[in-house]
Amino acid sequence: MANYLDKTVFLNDIRAYKLRKKLNPEEPISNYSAAAIMQIANKLANRPNFAGYSYIQDMVSDAIYVCLKYFDKFDPDHAKLNPFGYFSQICWFAFLQRMAKEKKQTAIRGKILAMIPFDTFDMQDHDVDEEFRNSYTEFLQEHNHAELTVKPKK
């Protein structure tokens, strides 16, 4: 596979997969399509929008999973739809979804740290200063700007 993704080859590969799928419902996607999806997700992860996150591999994994989940929903006969754009959008929104999950987890972690009494942490002998303990908990409480909003399930 080249450094770029050829949309026409990708589209033809999906068309061939759809024909094989009609004959055999258990038909797996081709290696080319799988590699193309991985390439789209990895290249999108290198964009400046997403490059600095520590959980970038989780984002890529989620994007690949969602692309494979919705692979059969792509209609290759649709006139204006191209597979590159379709799977790029799926990856983009999977990345945003992972970022929202991680932001929520960070807020939960921050609230837990702010609520834990500092006495439970292991302290060294020279850290018995009460001012040090109070300044750390105050710092955690002041800098925890992420609000945890729990949406009720329907």
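Everything numeric here is computed off the predicted structure, so don't read it as measured data. (Residues numbered from 1 in each chain as written. Predicted model: local features only at pLDDT ≥ 70, side-chain atom pairs only at ≥ 80, totals over all residues. Heavy atoms only, no water.)

Some points on the overall build of the chain
So, point 1. Helix and strand counts for the chain stand at five helices and zero strands.
So, point 2. Reading the chain from its N terminus to its C terminus gives the helix and strand order α-α-α-α-α.
So, point 3. Counting all 154 residues of the chain, 32% fall into the buried class.
So, point 4. A separation threshold of at least 6 residues defines the contact pool for the chain, and within that pool the share at least 24 residues apart is 67%.
So, point 5. Entry remark: accessible area of the chain is about 11,100 Å², with carbon and sulfur atoms responsible for 55%. (Helix = DSSP H or I, 4+ residues; strand = E, 2+ residues; numbered from the N terminus. Buried < 20%, exposed > 50% of the residue type's maximum accessible area, 1.4 Å probe, protein only. Contact = heavy atoms within 4.5 Å. Areas by Shrake-Rupley, 256 points an atom, 1.4 Å probe, with all protein chains shown as cover.)

Let's talk about the confidence of the model for the chain
So, point 1. Scored by pLDDT, the chain has a mean of 82; 73% of the residues are at 70 or more.
So, point 2. Within the chain, helix α5 (residues 130-142) has the poorest average pLDDT of any element, 63, and helix α3 (residues 56-69) the best, 95. (pLDDT = per-residue confidence, 0-100.)

Observations regarding the packing of aromatic side chains
So, point 1. Counting across every chain of the model gives 10 aromatic pairs.
So, point 2. Look at Phe-50 and Trp-92: their rings are 5.0 Å apart centre to centre, the planes differ by 75°, and that puts the pair in the edge-to-face class. Of the two residues, Phe-50 is situated in the loop between α2 (31-45) and α3 and Trp-92 in helix α4 (residues 83-115); the sequence distance between them amounts to 42 residues.
So, point 3. Residue class for Phe-50 comes out buried when judged on its relative accessible area of 2%.
So, point 4. By relative accessible area, Trp-92 is classed as partly exposed at 24%.
So, point 5. Considering the side-chain rings of Phe-71 and Phe-87, the 5.5 Å spacing of their centres and the 20° angle between planes classify their relative orientation as stacked. Residue Phe-71 is found in the loop between α3 and α4, and its partner Phe-87 is found in helix α4; the two are separated by 16 residues along the sequence.
So, point 6. You can call Phe-71 buried: its relative accessible area is 2%.
So, point 7. For Phe-87, a relative accessible area of 0% corresponds to the buried category.
So, point 8. Among the aromatic side chains, those forming a connected cluster through ring pairs are Phe-10, Tyr-17, Tyr-32, Phe-71, Phe-74, Tyr-86 and Phe-87. (Phe/Tyr/Trp six-rings, centres within 6.5 Å; stacked < 30°, edge-to-face > 60°.)

Let's talk about the state of the cysteines
So, point 1. Inspection of every chain in the model, using the stated rule, returns zero disulfides.
So, point 2. You can see Cys-67 has no disulfide; the closest cysteine sulfur is in Cys-91, sitting 3.5 Å from it. (Disulfide = S-S within 2.5 Å.)

Examining the nonpolar core
So, point 1. One finds Phe-10, Ile-37, Phe-50, Met-59, Phe-87, Cys-91 and Phe-95 to be the most contacted residues of the largest nonpolar core, which totals 29 residues.
So, point 2. The set of elements that each furnish at least two residues to this core consists of α1 (7-23), α2, α3 and α4.
So, point 3. With residues near it in sequence (within four places) discarded, Ile-37 still touches Phe-10, Ile-64, Cys-67, Leu-68, Phe-71 and Phe-87. (Core = buried A, V, L, I, M, F, W, Y, C linked by side-chain atoms within 4.5 Å.)

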